[in-house]
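What the coordinates show
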Amino acid sequence: MEGKTSFRKWIILLFILGITFFLVNISLGSVAIPFPEIISSLFGGEVSKESWRFIITDYRLPKAITAVMVGSGLAVSGLLMQTLFRNPLAGPFVLGLSSGASLGVAFLILGAGAFGGWVGNLLLSEWSLVIASAVGSFLVLLAVVAVTLRIKDTMAILIIGLMFGSVTAAVVAVLSYFSNAEQLQQYVFWSFGSLGNMSWYGVLILSMCTILGILISFVLSKSLNALLLGENYARSMGVRIKRTTLTIIITTSILAGGITAFAGPIAFIGLAIPHITRQIIPTSDHRILIPATLLTGAIVMLGCDILAQIPFSEYTLPINAITSLVGAPVVIWLLVRKRKLMF
Amino acid sequence: MNSEIQHTVISANGLSIGYFRRKEQLPVIEGINFSLRQGTLVSLVGANGVGKSTLLRTLSGMQKQLDGNISIEGKSLKDYTPNELATVLSVVLTEAPVSKNLTVTEFISLGRQPHTNWMGNFTSHDKQVVMQAMEQTETTELKDRRCFELSDGQMQRVSIARALAQDTPLVILDEPTTHLDLYHRAYVLKLLRKLTKDHRKTVLYSTHEIDLALQMSDEMLLIADSQLYHDTPKQLISEGKVNLLFPENTVSFDPESGRFTIEN
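Residues numbered from 1 in each chain as written. Chains lettered and ligands numbered in written order. Predicted model: local features only at pLDDT ≥ 70, side-chain atom pairs only at ≥ 80, totals over all residues. Heavy atoms only, no water.

This part takes up the interface of chain B and chain A. Listed by partner, the interface residues are 38 residues for chain B and 29 residues for chain A. In this assembly, chain B packs against chain A so that about 2900 Å² is buried in total across both faces, 58% of it on carbon and sulfur atoms. The largest contributions to the chain B side of the interface with chain A come from Val98, Gln113 and Met119 of chain B, which together make up 21% of the buried area. At the junction of chain B and chain A, the tally comes to zero salt bridges. Applying the counting rule to chain B against chain A returns 14 residue pairs in polar contact (both at pLDDT 80 or more). For the side of chain B that touches chain A, the secondary-structure elements that each account for two or more residues are helix H3 (82-88), strand S6 (89-92), helix H4 (104-109) and helix H6 (152-165) of chain B. (Contact = heavy atoms within 4.5 Å. Buried area = accessible area lost by both parts, 1.4 Å probe. Salt bridge = Lys/Arg side-chain N within 4 Å of Asp/Glu carboxyl O. Polar contact = N/O pair within 3.5 Å; in protein donor to acceptor, adjacent residues only side chain to side chain. Helix = DSSP H or I, 4+ residues; strand = E, 2+ residues; numbered from the N terminus.)

This part takes up unusual backbone geometry. Residue and element names in this part refer to chain B. Phi at glutamate 138 takes a positive value of approximately 55°, unusual for a residue other than glycine. Checked against the element boundaries, glutamate 138 lands in the loop between helix H5 (124-137) and H6. Looking at glutamate 138, the relative accessible area reads 45%, which means it is partly exposed. Its identity is not glycine, yet histidine 179 carries a phi of approximately 70°, on the positive side. Following the sequence through the fold, histidine 179 ends up in the loop between strand S7 (170-173) and helix H7 (182-198). (Buried < 20%, exposed > 50% of the residue type's maximum accessible area, 1.4 Å probe, protein only.)

In this section: the sheet that holds S7 of chain B. Residue and element names in this part refer to chain B. Here six strands make up an open sheet; going across it, the order is S6-S7-S8-S3-S9-S10 and the pairing mixed. Of all strands in the sheet, those with a lone pairing partner are S6 and strand S10 (227-231), marking the two edges. Averaged over all pairs of adjacent strands, the angle between strand axes in this sheet comes to 15°, irrespective of strand direction. Note that strand S9 (residues 219-224) and S10 share five bridges and pair antiparallel. Along S10, the bridge assignment pairs leucine 222 with tyrosine 229. In the packing of H6 onto the sheet, contacts are made with S6 and S7, and the angle to S6 comes to roughly 170°. (Pairing = 2+ DSSP bridges. Axes fitted to C-alpha atoms, helices over the stretch in contact; angles between N-to-C directions.)

Before going further, it helps to spend a moment on the environment of alanine 226 of chain A. Looking at the element boundaries, alanine 226 of chain A is found in helix H9 (residues 200-227). Along the chain, alanine 226 of chain A and valine 24 of chain A lie 202 residues apart, while their C-alpha atoms are 39 Å from each other. Residues in contact with alanine 226 of chain A, not counting those within four places in the same chain, are Ala234, Met237 and Val239 of chain A together with Leu110 and Gln113 of chain B.

Residue and element names in this part refer to chain B. For helix H2 (residues 52-59), the buried fraction is high: six of the eight residues fall into the buried class. Within the sequence span of H2, burial applies to Lys52, Thr54, Leu55, Leu56, Thr58 and Leu59. Immediately beyond the C-terminal end of H2, within one or two residues, lies glycine 61, with a positive phi of roughly 80°.

Residues and elements named next belong to chain B. Domain boundaries assigned for chain B yield domain 1 (3-73 + 169-262) and domain 2 (96-168). Inter-centroid distance (C-alpha atoms) of domain 1 to domain 2 is 26 Å. Between domain 1 and domain 2, the residue contacts involve 16 residues of the former and twelve residues of the latter. When domain 1 packs against domain 2, close to 1200 Å² is buried across both sides, 64% of that on carbon and sulfur atoms. Broken down residue by residue, the surface that domain 1 buries against domain 2 is led by Tyr187, Leu191 and Lys201, which jointly contribute 34%. In this structure, the connection of domain 1 to domain 2 is made through one salt bridge. (Domains from an automatic or database assignment.)

With that settled, consider the nonpolar core. Judged by nonpolar contacts, the single largest core of 118 residues is most densely connected at Phe85 of chain A together with Leu55, Ile72 and Leu192 of chain B. Each of domain 1 (3-73 + 169-262) and domain 2 (96-168) of chain B gives at least three residues to this core. Apart from the residues within four sequence positions on either side, leucine 55 of chain B is in contact with Leu15, Ile17, Ile32, Leu44, Leu221, Ile223 and Leu228 of chain B. Of all hydrophobic cores here, the second largest spans 33 residues; its members include Ile33, Trp52, Ile56 and Ile269 of chain A. (Core = buried A, V, L, I, M, F, W, Y, C linked by side-chain atoms within 4.5 Å.)

With that out of the way, let us pick up a nonpolar patch on the surface. Residue and element names in this part refer to chain A. A cluster of nonpolar side chains, Trp127, Ile131, Val135, Leu139, Leu142, Tyr201, Leu204, Met208, Leu246 and Ile250, forms an exposed patch at the surface whose accessible area comes to about 920 Å². Of all the elements, helix H6 (residues 126-150) adds the most residues to the nonpolar patch, at five residues. By secondary structure assignment, the location of leucine 246 is in helix H11 (residues 241-263). (Patch = residues over 30% accessible without salt bridge, like charges linked within 9 Å, V, L, I, M, F, W, Y side chains within 5 Å. Areas by Shrake-Rupley, 256 points an atom, 1.4 Å probe, with all protein chains shown as cover.)

Moving on, we get to the sheet that holds strand S4 (residues 67-72) of chain B. Residue and element names in this part refer to chain B. Judged by pairing direction, the sheet is antiparallel, and its four strands sit side by side in the order S2-S1-S4-S5 without closing on themselves. In this open sheet, the two strands that pair with only one neighbour each are strand S2 (24-37) and strand S5 (75-76). Relative to S5, S4 runs antiparallel, the two sharing two bridges. Bridging from a neighbouring strand, isoleucine 72 pairs with lysine 75 of S5. Strand contacts of H2: strand S1 (8-21), S2 and S4, with the helix running at about 115° to S1, the strand carrying the most contacts.

With that out of the way, let us pick up the packing of H6 of chain B against H7 of chain B. Residue and element names in this part refer to chain B. With their axes 10 Å apart at the nearest point, H6 and H7 run at an angle of 15° to one another. By the angle between their directions, the pair H6 and H7 is classed as roughly parallel. Crossing angle aside, the handedness with which H6 passes H7 is right-handed. Here Gly153, Gln156, Arg157, Ile160 and Leu164 of H6 lie close against H7, whose contacting residues are His184, Tyr187, Val188, Leu191, Leu192 and Leu195. Looking at side-chain class alone, the contact of H6 with H7 contains seven nonpolar, three polar and one charged residues. (Parallel < 35°, antiparallel > 145°, perpendicular 65-115°, else oblique. Left-handed = near helix turned anticlockwise from the far one by under 90°. Nonpolar A, V, L, I, M, F, W, Y, C, P; charged D, E, K, R; others polar.)

Confidence in the prediction of chain A, expressed as mean pLDDT, is 84, and 91% of residues score 70 or more. Element-level pLDDT for chain A is lowest in helix H5 (residues 117-123) of chain A, with a mean of 56, against a maximum mean of 95 in helix H13 (residues 286-308) of chain A. (pLDDT = per-residue confidence, 0-100.)

Residues and elements named next belong to chain B. Take serine 76: it is sitting in strand S5. Taking C-alpha positions, serine 76 is 9.6 Å from isoleucine 10, a pair spaced 66 residues apart along the chain. Ignoring sequence-local partners within four residues, the contact set of serine 76 consists of Asn69, Ile70 and Ser71.

Below you can see the structure in the form of structure tokens.
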């Protein structure tokens, strides 16, 4: 596909916008810190109050990096799934991936009590949350693909995703009946979604998952472009369909699973961002769409986080609520305006 | 006839096609033998459900053969890697691209995939091939349109352009003239003929327009009674094979006029 250069300026513009949102995100919070102090604490300069430096480097900076990783990772995983399932409504949330991840985490948090002691503590380490959530979403995706191979009707796949959501809710209800209040609270807070309270170690693991997933997506972009013509055409152009499908599925479960483990189930980013990006940059070429989508995802997520903390107040809203409030109207608006979602 | 004309592009030997149900084989046609030479336009005709699509799918490697051998450019189909096969064989399918939002240029350019590097970056040669493919199919003026804006006739030309961009000696088309008006049917067939004559490509296409196929193709593959006949249209008419296409007392072929008539 050609015509790459004309889109390059958009990518640069999005990149600059992303940096701006990143800085604004760090500047705003319940404590007002002057901008020069923020810059100097970021680059290790003199800061008049030590507590300011602490807020910036140990709270706001990891939170902003988490927002970037979550936004870009979910947006790219949504893009991969829309192309794989040839369905503009596909996304980690709609296809039940997030439900699968929730189920994995629910089993872990609510089931850890059953083991108790150090086994329970071991089960609740950061890595095990990631693994449980990634396994959960991977299993759901495998089930979705198994269905796709049998049923060509993409509506059926979406309905199956919804069913997984119901099953998750039911299993979580059963588990919570048997677990204590403390565990239940931990799970409920996880399911609200959160970008804050992340240790630098957690940020590192999350970034590793996200960057790995995004790098694989870049490698896949040629095959993804071929898949835009459908499986038969892609095969006739030399794409190994089974291998490519499996790679896409593993990549999306690393992205969506890893992110959901750390930030909780976050709605609408995966579904809406690829569509918003296609509105900004009218192309189907994944070599342009992937960088553009990940930048847009990061920008929107940083923006949602700014809204969630209600600048200059002490309240913080659940991030999941904000992304839904922003994402759902966007999808409706796109449908009403274009009458048809295309990809 | 020079030696180039004798060059065999695709051949089938004792080929059986059909389906697997669990471990059982369900053959549709058995004992298929033919070979197609470079620069010939070959049509595949037969009634609905006789196995035209199965044959095309098997020849293009989308479906496994039950028995026998297919060889393309002197090499067995089984020995091709997917990417190698894509450099000798391109297809035009009845299905529209999944993403109708693709521009015509994007769609045609995708045909270069087997020839580009892992990122799919274009060299000046790739760009030139795409431009030529557009010129040959007269789709240059459509290049910025999106696929959902095209008429059936335009879409078919663009699909053929994509196969040309793939730049393969063999092109297989599944019912390229279906849904088209008479003008576009003739246009597509003339285009295919031009490709075989001017560009030495071997073109195999399936069709239901038997009268047009009899006029326009060099050779025909005719499927009737679970048998495949390979010959020139003239021969097939004089041997009465064309009359085998449909059950008796429904339609019959009149060799004088070259037309089918409905029997009362």
